[in-house]
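# Chains, contacts and geometry: an overview
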Amino acid sequence: MAQALLAENVPRTRAGARHLMSHPTIAAVANDARLLELAREWLGPVAIPFHATLFEKSKDRNWLIPWHQDTALPLTAKVNAAGWGPWSEKAGVNYAHAPTWALARVVALRVHLDPSESGNGPLRVIPRSHLLGVLSDEQVLEFVDRHERTECCVPKGGVIAMRPLTIHSSSKAQSEQPRRVLHLEYVESLALTGGLQLAVV
């Protein structure tokens, strides 16, 4: 799968590639029965993949992510709705920072195309921090200072499930081992309240 995925003709940034659901290889992976079954464990009887991102990290494509929550969701149109915003646009797609209730409906499955090890900048999380709701940057850092973090080392082919509001980070790679992860987000319905609809990207 990794070779087919990386052969896809998609524009890449230093950190990887976004908006991959339109690519057949990615869509096939996201709709694999095994991943759908995993997503349903958190979402209930229906799980719809709507957002796909490839993260690529190596000594040549190196980057770090500070502690944060994922609070922006892709939407089909910009709508003036209470609790949503600020708005932005990424590669022609509307994004808005979402309220807690909307983010709590989403689960991400991170499919590891390479082993994720201590030396190649693995995901780090603060367990159960998703239960806190949306926090300010200052609140995130205060919480990190007071709580233990977990380093997510995962073998090639392994999958991690996480909620968007989980406080997480990732350091730069120190080893030669690349770390490529396909980050897939699922929800039980694309329709939200107030005329808002998640975009499939």
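Details of the structure are given in the entry above.
These lines cover the structure that appears in this document, whether it is placed above or below. Note that the structure is a prediction, hence the values are computed from the model and not measured.

Among the residues making up helix 3 (residues 33-43), those that are buried are L35, L36, A39 and L43. Burial along helix 3 is one-sided: seen end-on, the buried residues are contained in an arc of 100 degrees. Across from the buried face of helix 3, at angles greater than 90 degrees, the exposed residues are A33, R34, E37 and E41.

Here 3 strands make up an open sheet; going across it, the order is 4-6-5 and the pairing antiparallel. Edge strands, defined here as strands with exactly one partner in the open sheet, are strand 4 (72-75) and strand 5 (87-90). On average, adjacent strands in this sheet sit at an angle of 35 degrees to one another, irrespective of strand direction. As defined by bridge partners, strand 5 adjoins strand 6 (residues 93-97) across 4 bridges and the pair is classed as antiparallel. Its bridge partner lying in strand 6, K90 is registered against V93.

Cis geometry marks the peptide bond from G85 to P86, where omega comes out at 5 degrees. Here P86 lies in the loop between strand 4 and strand 5. In this structure, A91 is a non-glycine residue whose phi angle is positive, near 50 degrees. Considering the arrangement of structural elements, one finds A91 in the loop between strand 5 and strand 6.

Moving on: the nonpolar core. Among the nonpolar cores identified, the biggest contains 20 residues, and L35, A39, L184 and Y186 are the most heavily contacted of them. For this core, the secondary structure elements donating two or more residues are helix 2 (24-30), helix 3, strand 2 (48-57), strand 7 (107-112) and strand 12 (179-187). Residue contributions to this core peak at 4 residues, all from helix 3. Not counting the four nearest positions on each side in its chain, L35 is found in contact with V29, A30, L109, V111, V159, L184 and Y186.

Moving on, we come to the pairing of strand 12. Within strand 12, 8 of the 9 residues are buried, leaving the element largely enclosed by the surrounding structure. As paired strands, strand 2 and strand 12 are joined by 9 bridges and run antiparallel to one another. Directly across from P49, in strand 12, lies its bridge partner Y186. Across 6 bridges, strand 7 lies against strand 12 in antiparallel orientation. If you follow R110 over to strand 12, its bridge partner there is H183.

The next thing to look at is the sheet that holds strand 9 (residues 150-152). Across a sheet, paired strands are connected by hydrogen bonds in the backbone, their directions being either parallel or antiparallel. Spatially, 4 strands are ordered 3-11-8-9 in an open sheet, and the strand pairing comes out antiparallel. For this open sheet the edge positions go to strand 3 (65-68) and strand 9, each flanked by a neighbour on one side alone. Strand-to-strand twist across the sheet, computed as the mean angle between neighbouring axes with direction ignored, equals 25 degrees. With 2 bridges connecting them, strand 3 and strand 11 (residues 168-170) associate as antiparallel partners. Bridging across to strand 11, H68 finds its partner in H168.

The full count for this structure, using the stated rule, is 2 aromatic pairs. Ring geometry for F55 and W63: centres 6.1 Å apart, planes at 50 degrees, overall tilted. The exposure class assigned to W63 is buried, which follows from its relative accessible area of 6%. Seen from the ring of W63, K57 lies directly overhead, with NZ or CZ sitting 4.3 Å from the centre. Over the ring of Y95 we find K90; its NZ or CZ atom is 4.7 Å from the centre of that ring.

Reading the values: rules and limits
- Residues numbered from 1 in each chain as written.
- Predicted model: local features only at pLDDT ≥ 70, side-chain atom pairs only at ≥ 80, totals over all residues.
- Heavy atoms only, no water.
- Buried < 20%, exposed > 50% of the residue type's maximum accessible area, 1.4 Å probe, protein only.
- Helix = DSSP H or I, 4+ residues; strand = E, 2+ residues; numbered from the N terminus.
- Arc of directions from axis to C-beta.
- Pairing = 2+ DSSP bridges.
- Axes fitted to C-alpha atoms, helices over the stretch in contact; angles between N-to-C directions.
- Core = buried A, V, L, I, M, F, W, Y, C linked by side-chain atoms within 4.5 Å.
- Contact = heavy atoms within 4.5 Å.
- Phe/Tyr/Trp six-rings, centres within 6.5 Å; stacked < 30°, edge-to-face > 60°.
- Lys NZ or Arg CZ within 6 Å of the ring centre and 35° of its normal.

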